[in-house]
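Below, each chain spelled out in residue letters.
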Amino acid sequence: MSESKSWAPTPRLVVSLIHYFLPLIIFAVTLYFIPELYHLVSMLFIAVLFSYLLRPPVESLEHRGFSRYTSTALVFVVLFLILVTLLGGFIPHIYNQAINLRRTLGELEMEELLEEEEPGEIEEVLGIMGYLSELERSLGFIPEGTFHDQVSYAYDWGLQQLTLLLLTIGRILPHVAVYVVVIPFIAFFIVRDQQAIETFFLSGVPNVFFEMIYQIYNKVDQKIGEYVRGLAIEAVVIALLSAGGFWLLDVPYAITIGIFVGLANVVPYVGPVVGALPAIIVQLIETGSALPVIMVMLLILLVQLIDNIAVKPVAFSQSMSMHPLIVVIVIIAGGQLAGMLGMVLAIPVAASLWVIISEFSWAVKNYRFET
Amino acid sequence: MEIRDGLKDVNMGGYFMPGYTKEGKKILNDIKEKIKLYWCDLRGMVVEWWEQIHEPEDPEAQELIDLLSDIEVFSGLRSSQYLALADYLHERQFTKGESIFSEGDPATAMYIICNGRVELSCPAVKQMDGSYLESGNIFGELALCCEHRRMYDARTRASTKTLVLFRKGLERFVYRNPSAGLKVHGNLTAHIGQQFLKIRQENLRLNQQDSEAEVNE
């Protein structure tokens with residue numbers, strides 16, 4: 001005991017820490033100066049998240065006596081078969097729906113309507129207008145046409161945004177094709193060599209921090225795993241409920257919009273609002289009256305209610321308990337830093353940082369860090 | 001009684017579906033258990049035969065298997081199971097005089113000494129002074145069983161290479177390799193039980209010494 005001294009960052013320790021974090025720093029700097037690497041990095045991130053989804057079935061097969069390699073291969077074969085079935089059965093249908101949806105939106109520009117049709121006819125097309133004009137007349141103090149202009153403007157804006165979104169989807173489709181091929185390929189090796197990757201990343205940790213870093217790594221790994229799996233369950237349930245509901249309400253392109261709502265739900269708070277927009281706009285174009293639109297809104301609210309009451313508590317038992325305000329700020333920051341992917345990754349990254357900070361502060365109090 | 005005799009029609013809201021009686025279910029479960037046992041035996045035989053004709057050619061792997069098989073906690077596993085366990089072991093190199101862990105640190109891992117020398121010391125227990133461990137010895141094994149704090153200091157007395165097995169790592173190994181995991185847990189229980197008995201005997205001896213000293217006074 002006499003030889004031991006309390007912890008202080010000795011030069012050797014500082015050097016070993018720099019040595020450990022140097023590749024990470026070089027990687028971050030490279031990424032900053034070569035933004036073209038964004039796609040590669042995003043593929044890597046998505047593959048890592050995807051591997052979290054595949055680990056439970058692989059481990060379950062391992063538990064039943066298969067080797068890691070065989071288990072991983074079997075899971076990927078099943079996944080491939082599911083993908084082929086989807087591509088063969090559903091995708092053409094969804095693709096046709098998406099193309100038709102885009103065409104419908106392209107044809108129904110509000111300005112064209114204003115130019116070609118008489119104002120009275122537009123009010124017929126959008127049944128709400130007549131009611132709004134009456135309301136204006138009965139109130140008296142509002143100049144005539146205010147509601148009409150405002151609704152037209154909002155409608156126009158919504159259409160523009162949706163067309164923009166669909167155009168963006170069209171632009172990124174080639175990237176998506178590359179992603180669909182490359183991500184499972186990377187994920188296969190991440191799942192198969194998970195233990196070797198873990199050992200490799202931990203091998204550079206200085207001895208004095210080894211047990212502590214391993215604990216932090218495991219907690220972060222567990223949190224991200226729970227979050228990603230919860231998110232996948234939530235997205236599937238929401239997509240099924242929404243598509244089913246839209247189908248019952250006779251909303252056109254029910255499957256496409258249902259899948260979009262499920263995918264949008266991946267981003268907390270912001271996602272449900274963005275997901276609801278296409279359904280509302282499409283229903284408005286299709287029916288031109290208020291009641292079906294209100295029914296769609298009610299359905300979306302009901303799905304959100306089911307999500308919050310039944311799905312979320314089961315899917316995310318205790319994985320990410322963060323204050324809603326922090327969640328919103330983190331999502332906005334993620335969106336500004338790395339776009340769509342940033343918004344999806346914002347929560348797990350922020351929660352991981354939080355775990356690292358809280359575990360590190362706990363460790364500083366509890367470990368003696370003798371060298 | 002045959003499985004055919006254990007069948008009955010089950011009423012499912014007006015529709016009758018084939019089902020099993022209680023005896024039928026019992027027979028079915030027995031058959032399932034037998035198939036499971038036969039499958040395990042067959043698999044074990046095939047793996048053993050495969051390992052006999054495919055001895056690991058890598059000398060490092062063989063060295064690792066030799067080291068692990070000599071450790072009481074890991075004895076009785078097959079070569080492939082030792083190699084599977086190796087995936088969960090982290091290699092650590094310590095210089096002479098370096099601290100491995102200190103008394104009071106949260107205990108999360110067990111250490112296996114590959115080569116070198118480690119001294120365990122605890123100011124409260126004088127009997128521990130000068131207890132050195134060498135190649136093939138383990139320490140900190142209680143960390144594999146439960147959450148607690150280290151009860152002694154561990155410091156190297158020569159350049160030392162160790163393998164580290166974390167509690168979480170062992171949990172994963174047990175889940176992914178249940179039969180090997182069961183053996184390791186059995187060995188670990190026996191090892192900790194023996195340690196407990198030794199401590200108990202030592203405690204009794206010391207109590208006896210104290211009472212004899214009191215009588216003499």
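Worth saying up front: this structure is predicted, and the values here are computed from it rather than measured. The residue numbers shown here count from 1 along each chain, following its written sequence. Here chains are named by letter from A upward and ligands by number from 1 upward, in the order in which they appear as written. In keeping with the model being predicted, local features are shown solely for residues with a pLDDT of at least 70 and side-chain atom pairs are shown and tallied solely at 80 or more, while totals for entire chains, interfaces and linings include all residues. To obtain the side-chain values, all non-hydrogen atoms of the structure were included, while hydrogens and water were left out.

J.: I would appreciate a short explanation of the interface of chain A and chain B in the present structure.
T.: Many analyses report the size of an interface as the accessible area lost when the parts associate. If you look at the interface, chain A gives 32 residues, while chain B gives 36 residues. Throughout, buried area stands for the accessible area (probe radius 1.4 Å) lost by two parts on being put together, summed over both. Both faces combined, the contact of chain A with chain B buries some 2,900 Å², and carbon together with sulfur accounts for 43% of it. Salt bridge, as applied in this entry: a Lys or Arg side-chain nitrogen positioned within 4 Å of an Asp or Glu carboxyl oxygen. Counting across the interface, chain A meets chain B through four salt bridges. Between arginine 172 of chain B and glutamate 198 of chain A there is a salt bridge, with the nearest N and O atoms lying 2.7 Å from each other. Between N or O atoms, a polar contact is any pair within 3.5 Å; within protein, one atom must be a potential hydrogen donor and the other a potential acceptor, and residues adjacent in sequence are included only when both atoms are from side chains. The interface formed by chain A and chain B holds 15 residue pairs in polar contact (both at pLDDT 80 or more) in total. Comment: elements are numbered from the N terminus, with helices defined as DSSP H or I runs of at least four residues and strands as E runs of at least two. Secondary structure elements with two or more residues in the side of chain A that touches chain B: α2 (38-63), α9 (194-203), α10 (210-248) and α14 (324-366) of chain A. Here a residue-residue contact requires only that any non-hydrogen atoms of the pair lie within 4.5 Å.

J.: Is there a simple way to explain helix α5 (residues 178-216) of chain B in this structure?
T.: What sets the pattern is the α-helix's 3.6 residues per turn: residues three or four places apart point alike. Residue and element names in this part refer to chain B. In this model, α5 (39 residues) spans 56 Å end to end at C-alpha, consistent with the 57 Å of a helix rising 1.5 Å per residue. Throughout this description, buried means an accessible area under 20% of the type-specific maximum (1.4 Å probe, protein chains only), exposed means over 50%, and partly exposed covers the range between. By the burial criterion, the buried members of α5 are Ala180, Gly181, Val184, Asn187, Leu188 and His191. Its buried side turned inward, α5 meets α3 (79-86), β9 (138-139) and α4 (167-176). Helix span, expected: 1.5 Å multiplied by one less than the number of residues in the helix.

J.: Any chance you could explain the sheet that holds strand β4 (residues 99-101) of chain B here in plain terms?
T.: Two pairing modes exist for strands in a sheet, parallel and antiparallel, and in both the strands are linked by backbone hydrogen bonds. All names here are of chain B. Across the sheet, four strands lie side by side as β4-β11-β7-β8; this open sheet has antiparallel pairing. Every interior strand has two partners, whereas the edge strands, β4 and β8 (131-134), have only one. Pairwise comparison of adjacent strand axes, ignoring direction, gives a mean angle of 30° for this sheet. Strand pairing requires that DSSP identify at least two bridges connecting the strands. Strand direction decides the pairing type here: β4 and strand β11 (residues 153-156), joined by two bridges, are antiparallel. Its bridge partner lying in β11, phenylalanine 101 is registered against alanine 154. Working convention: axes come from line fits to C-alpha atoms, limited for helices to the stretch in contact. Angles between N-to-C directions cover 0 to 180 degrees.

J.: Can you help me understand the packing of aromatic side chains in this one?
T.: Two descriptors summarise a pair of aromatic rings, namely the distance from one centre to the other and the angle between the planes of the rings. For Phe, Tyr and Trp, where Trp contributes only its six-membered ring, two rings pair if their centres lie within 6.5 Å, and the inter-plane angle classes them as stacked under 30 degrees, edge-to-face over 60, or tilted in between. By the definition in use, this model includes twelve aromatic pairs over all chains. Ring centres 3.5 Å apart and planes at 10° place the aromatic pair tyrosine 214 of chain A and phenylalanine 166 of chain B in the stacked group. Residue tyrosine 214 of chain A is found in helix α10, and its partner phenylalanine 166 of chain B is found in strand β12 (residues 160-166); the two belong to separate chains. Across this residue pair, the class does not change: tyrosine 214 of chain A and phenylalanine 166 of chain B are buried. In this scheme, Lys NZ or Arg CZ marks a charge over a ring once it lies within 6 Å of the ring centre and within 35 degrees of the ring normal. The positively charged end of arginine 92 of chain B is found above the aromatic ring belonging to phenylalanine 210 of chain A, 3.9 Å away from the centroid. Sitting over the face of the ring of phenylalanine 101 of chain B, arginine 150 of chain B holds its NZ or CZ atom 3.9 Å from the ring centroid.

J.: Could you clarify how one ought to interpret α9 of chain A in this entry?
T.: Regarding α9 of chain A, the residues found buried are Gln194, Gln195, Glu198 and Leu202 of chain A. Along the axis of α9 of chain A, the buried residues cluster in a sector spanning 95°; they form a single face. What the arc measures is the spread of directions leading from the helix axis to the C-beta atoms.

J.: Could you clarify how one ought to interpret the nonpolar core in this entry?
T.: For soluble globular proteins, nonpolar side chains are generally found buried alongside one another. Core analysis: the largest hydrophobic core is formed by 34 residues, its most contacted members being Ile100, Tyr111 and Phe139 of chain B. At the level of secondary structure, the elements contributing two or more residues to this core comprise α2, α10 and α14 of chain A together with β4, β6 (109-115), β7 (117-121) and β12 of chain B. Here the element with the most residues in this core is α10 of chain A; it accounts for seven residues. Here tyrosine 111 of chain B is in contact with Glu211 of chain A together with Phe94, Ile100, Phe101, Asn137, Ile138, Phe139, Arg150, Thr162, Leu163 and Val164 of chain B, once residues within four sequence places are set aside. Throughout, nonpolar core names a set of buried Ala, Val, Leu, Ile, Met, Phe, Trp, Tyr and Cys residues whose side chains join them through atoms within 4.5 Å. Formed by 24 residues, the second largest nonpolar core is a distinct cluster that contains Tyr82, Tyr88, Ile112 and Leu163 of chain B.

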